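Spelled out from the first residue to the last, the chains are:
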Amino acid sequence: MNKNKYIKESFLKLQIELSEIQVEQFIDYFDLLIEKNKLMNLTAITEFEDVVLKHFLDSVLICKVVDMSQFKKGIDVGTGAGFPGIPLKIVFPWLDMVLLDSLNKRISFLDEVICKCNLFHVKTIHGRAEELAQISEYREKFDICFSRAVANLSTLSELCIPFVKENGCFVSYKSDIIESEIEMAANAINLVGGKIDKVSEVILPDTEIKRKILFFLKEKMTPGKYPRRAGIPSKKPL
Ligand code: SAM
């Protein structure tokens, strides 16, 4: 298979026209992901077509529902092997991106990806969101915070919304979301200064796979006591 052609055509289904450099960056990312996945647990998805669809395209689906040109500083909380942060950085290169994860092996992998793909203005941080969000360099400093497959909405709101500036937004990627998860998170979202803005449903091209993308607006500053100490947001959701 011609990987270059496959990637180009796949992104075109989202009306994204990639340059040769961007296509090469995705191929380098894929090659490193598969190579390092033999040594550490990075992804259960390893077939080229599946990685393109379920990791690369899935990560950038957000552009179907929001204009990405309005954002400058972004943070991906619980980025794992770099999703959605790295594909977003490749497709929207003007983003200043922070990739945060509590597993150091994954952060070392991401450092190699950044080097191999020649990405600039991307910073990796090994740490817990609960601790990083209490540091003034990162607290309420981002236009947009992304998170995919990290925790339930209540826990996520406490981990992510403190990073966002007033009037910025937090975006949660969910495979499916039931109304009850939003209802259960309502208190947490309100306590940390957020408000649900919209829930968009997007279908992965040429499939029946539905994704829900939830947008939260940061209306007011987050009280200093949030997020609580490491582990508490997941053990005792607000
Ligand atoms: N976002 C990636 C994706 O969609 O493929 C990775 C998802 S993986 C299931 C969840 C990741 O979140 C893991 O790499 C884990 O180490 C990280 N994580 C969980 N809780 C965290 C926390 N409190 N602070 C930072 N990272 C966290």
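One structure accompanies this document, and this report is about it.

Quick notes on the rules
- Residues numbered from 1 in each chain as written.
- Predicted model: local features only at pLDDT ≥ 70, side-chain atom pairs only at ≥ 80, totals over all residues.
- Heavy atoms only, no water.
- Near = heavy atom within 4 Å.
- Polar contact = N/O pair within 3.5 Å; in protein donor to acceptor, adjacent residues only side chain to side chain.
- Nonpolar A, V, L, I, M, F, W, Y, C, P; charged D, E, K, R; others polar.
- Core = buried A, V, L, I, M, F, W, Y, C linked by side-chain atoms within 4.5 Å.
- Buried < 20%, exposed > 50% of the residue type's maximum accessible area, 1.4 Å probe, protein only.
- Contact = heavy atoms within 4.5 Å.
- Phe/Tyr/Trp six-rings, centres within 6.5 Å; stacked < 30°, edge-to-face > 60°.
- Helix = DSSP H or I, 4+ residues; strand = E, 2+ residues; numbered from the N terminus.
- Lys NZ or Arg CZ within 6 Å of the ring centre and 35° of its normal.
- Salt bridge = Lys/Arg side-chain N within 4 Å of Asp/Glu carboxyl O.

Digging into the site of the ligand
Taken together, the neighbourhood of the ligand is formed by 14 residues, with Gly-78, Phe-83, Asp-101, Arg-106 and Arg-148 sitting nearest. Within the backbone of Gly-78, one N or O atom sits 2.8 Å away from a nitrogen atom of the ligand. Here an oxygen atom of the ligand and a side-chain polar atom of Arg-148 are 2.6 Å apart. Its residues assigned to classes, the shell around the ligand comprises 4 nonpolar, 5 polar and 5 charged.

Quick word on the nonpolar core
One broad trend across soluble globular proteins is that nonpolar side chains are buried collectively. In this structure, Phe-11, Ile-62, Leu-88 and Phe-109 are the most contacted members of the largest nonpolar core, which totals 53 residues. The residues contacting Leu-88, other than those within four sequence positions of it, are Ser-59, Val-60, Ile-62, Met-68, Leu-95, Met-97, Phe-146 and Tyr-173.

With respect to the packing of aromatic side chains
A full pass over the atoms with the stated rule returns 10 aromatic pairs. On the numbers, 5.0 Å between centres and 85 degrees between planes, the contact of Phe-30 with Phe-48 is edge-to-face. In this pair, Phe-30 sits in helix 2 (residues 20-37) while Phe-48 sits in helix 3 (residues 48-60), placing the two residues 18 residues apart along the sequence. By relative accessible area, Phe-48 is classed as buried at 7%. An aromatic cluster of at least three residues, connected via ring pairs, comprises Phe-11, Phe-26, Tyr-29, Phe-56 and Phe-83. Against the face of Phe-48 rests Lys-3, its NZ or CZ located 5.5 Å from the ring centre. The ring of Phe-215 carries Lys-198 above its face, with NZ or CZ at 5.1 Å from the centroid.

What about the pattern of salt bridges?
Opposite charge on two side chains permits pairing when their charged atoms draw close. If you walk through the whole model with that rule in mind, you get 16 salt bridges. Salt-bridge contacts for Glu-158 lead to Arg-228; the nearest nitrogen and oxygen are separated by 2.8 Å. Residue Glu-158 is found in helix 7 (residues 153-160), and its partner Arg-228 is found in the loop between strand 7 (210-218) and helix 9 (232-235); the two are separated by 70 residues along the sequence. Judged by its relative accessible area of 0%, Glu-158 falls in the buried class. Salt bridges sharing common partners tie together Asp-58, Arg-148 and Arg-211.

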